[in-house]
Amino acid sequence: MTDPILVTGATGNTGAPVVAGLRERGLRARAASRHPDPADADAVVFDWSDDATFAPALTDVRAVYLVAPTGAADPVPMVRPFLEQATARGIRRVVLLSSSAVERGEPGLGEIHDLVAGLFAEATVLRPSWFMQNFVGDHPLARSIRETREIVTATGDGRLAFIDAADIAAVAVEALTAPEPVSEELVLTGPESLSYAEAAAIASEILGEPVRHVDVSTAELTQRLVAAGYPADFAGMLATLDERIRAGEQDFVTPAVRDVAGRTPTSLRHFLAEH
Ligand SMILES: NC(=O)c1ccc[n+]([C@@H]2O[C@H](COP(=O)([O-])OP(=O)(O)OC[C@H]3O[C@@H](n4cnc5c(N)ncnc54)[C@H](OP(=O)(O)O)[C@@H]3O)[C@@H](O)[C@H]2O)c1
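Residues numbered from 1 in each chain as written. Predicted model: local features only at pLDDT ≥ 70, side-chain atom pairs only at ≥ 80, totals over all residues. Heavy atoms only, no water.

1. Quick look at the pattern of salt bridges
- Taken as a whole and assessed by the stated rule, the structure comprises 17 salt bridges.
- Glu-103 serves as the salt-bridge partner of Arg-127, at 3.5 Å between the closest nitrogen and oxygen. Taken as a pair, Arg-127 in strand β6 (residues 122-128) and Glu-103 in the loop between β5 (93-97) and α4 (109-119) lie far apart in primary sequence, 24 residues in all.
- Looking at Glu-103, the relative accessible area reads 43%, which means it is partly exposed.
- With its nearest N and O atoms 3.0 Å apart, the salt bridge here joins Asp-215 to Arg-246. Here the residue Asp-215 occupies a position in strand β11 (residues 212-215), and Arg-246 occupies one in helix α9 (residues 232-246), the gap between them amounting to 31 residues. (Salt bridge = Lys/Arg side-chain N within 4 Å of Asp/Glu carboxyl O. Helix = DSSP H or I, 4+ residues; strand = E, 2+ residues; numbered from the N terminus. Buried < 20%, exposed > 50% of the residue type's maximum accessible area, 1.4 Å probe, protein only.)

Right, here's the structure in full:
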């Protein structure tokens, strides 16, 4: 068998389907997170805040899927030493999960984008739009739909093309395994651009109950995210990204999921009906 591909964030929205997708191809995926599945012989304990976990995770790997530490406003001090160890081991290919809303060089994920592009000969940075998974599970948006039938954002009428994390993972698997690097940077979206009011209307139809969009200021959204348990600096950073949607900057659709992974990206209606 070939050397494994290291998947960080392996229990998360994109990491879990990346692990599954690699294994479906008969490849070894080393699933790294703080809570590895004890039943998975190829899972390892990996903690961004404990650099002693880096070397065992990186041993013998040929490529890395990189999900930066979530919840940290400044992930660079944790990620830089990990990437330096990876280059020192001769790893050439890294696929970074960033965001459509974060340009190369901007604080946080944008700085990691810069680092990865500078350190690795075969770097691909995935820049997806907002995940459909935010509408389900434990995300504050999902909790708010369940508890109050409200979607609270600071986006106004701004539109964005929500994407299913499974579509991101399908692109990531291609980027990790293609004989030649697929691209330096891929902006990934779902199939249609929607406002949160339109997304609420779709959720209403599927639930059979009204769900409404509530537009608040960035400051109020920050307070709500802090109340939901996010660290204040990270909550502020997340809420500020909504301003980019409000300004119309995220109102676009790209063909990258179809072009790279050869699949039709999932629509929000289909995703919500399935979940
Ligand atoms: N949600 C969106 O709409 C959206 C849009 C664009 C980009 N993104 C980006 O996508 C990334 C993933 O976000 P997500 O919300 O979908 O999260 P996620 O991938 O579902 O969850 C985070 C993953 O990271 C692991 N993790 C968290 N803290 C860790 C630590 N200290 N050390 C090691 N592993 C750790 C978690 O596993 P354990 O708990 O087992 O450690 C989990 O597997 C973020 O960088 C985010 O900025 C998100």
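Moving on from the model shown.
2. Quick look at the domain arrangement of the chain
- The assigned domain composition of the chain is domain 1 (5-128) and domain 2 (130-163 + 190-251 + 265-275).
- Taken over C-alpha atoms, the centre of domain 1 sits 26 Å from the centre of domain 2.
- Taken residue by residue, the interface counts 11 residues in domain 1 and 10 residues in domain 2.
- Of the roughly 890 Å² buried where domain 1 meets domain 2, counting both sides, 62% is carbon and sulfur surface.
- The interface formed by domain 1 and domain 2 contains one salt bridge.
- Put simply, Arg-244 and Glu-106 hold a salt bridge, and the shortest N to O gap is 3.0 Å.
- Scanning the region where domain 1 abuts domain 2 turns up three residue pairs in polar contact (both at pLDDT 80 or more).
- Within the side of domain 1 that touches domain 2, the residues separate by chemical class into six nonpolar, four polar and one charged. (Domains from an automatic or database assignment. Contact = heavy atoms within 4.5 Å. Buried area = accessible area lost by both parts, 1.4 Å probe. Polar contact = N/O pair within 3.5 Å; in protein donor to acceptor, adjacent residues only side chain to side chain. Nonpolar A, V, L, I, M, F, W, Y, C, P; charged D, E, K, R; others polar.)

3. A closer look at the site of the ligand
- Near the ligand you find 22 residues, and of these Thr-11, Asn-13, Arg-34, Phe-131 and Asn-134 are the closest.
- Gly-12 places a main-chain nitrogen or oxygen 3.0 Å from an oxygen atom of the ligand.
- For the ligand, a nitrogen atom lies 2.9 Å from a polar atom in the backbone of Trp-48.
- Taking 890 Å² as the accessible area of the ligand by itself, protein coverage stands at 82%.
- Split into classes, the residues belonging to the shell around the ligand amount to nine nonpolar, 11 polar and two charged.
- Summarising the domain contributions, the shell around the ligand has at least three residues from each of domain 1 (5-128) and domain 2 (130-163 + 190-251 + 265-275). (Near = heavy atom within 4 Å. Areas by Shrake-Rupley, 256 points an atom, 1.4 Å probe, with all protein chains shown as cover.)

4. Things to note about the nonpolar core
- Val-7, Val-18, Leu-22, Tyr-65, Leu-126, Leu-176 and Leu-188 are the most contacted members of the largest nonpolar core, which totals 30 residues.
- Those elements that provide at least two residues to this core are β1 (5-8), α1 (15-24), β2 (29-33), β4 (63-66), β5, α6 (165-177), β9 (185-188) and α10 (256-261).
- Among the elements that make up this core, the one with the highest residue count is α6 (seven residues).
- Apart from the residues within four sequence positions on either side, Tyr-65 is in contact with Leu-6, Val-7, Thr-8, Thr-14, Gly-15, Val-18, Val-95, Leu-97, Leu-126, Ala-172 and Leu-176. (Core = buried A, V, L, I, M, F, W, Y, C linked by side-chain atoms within 4.5 Å.)

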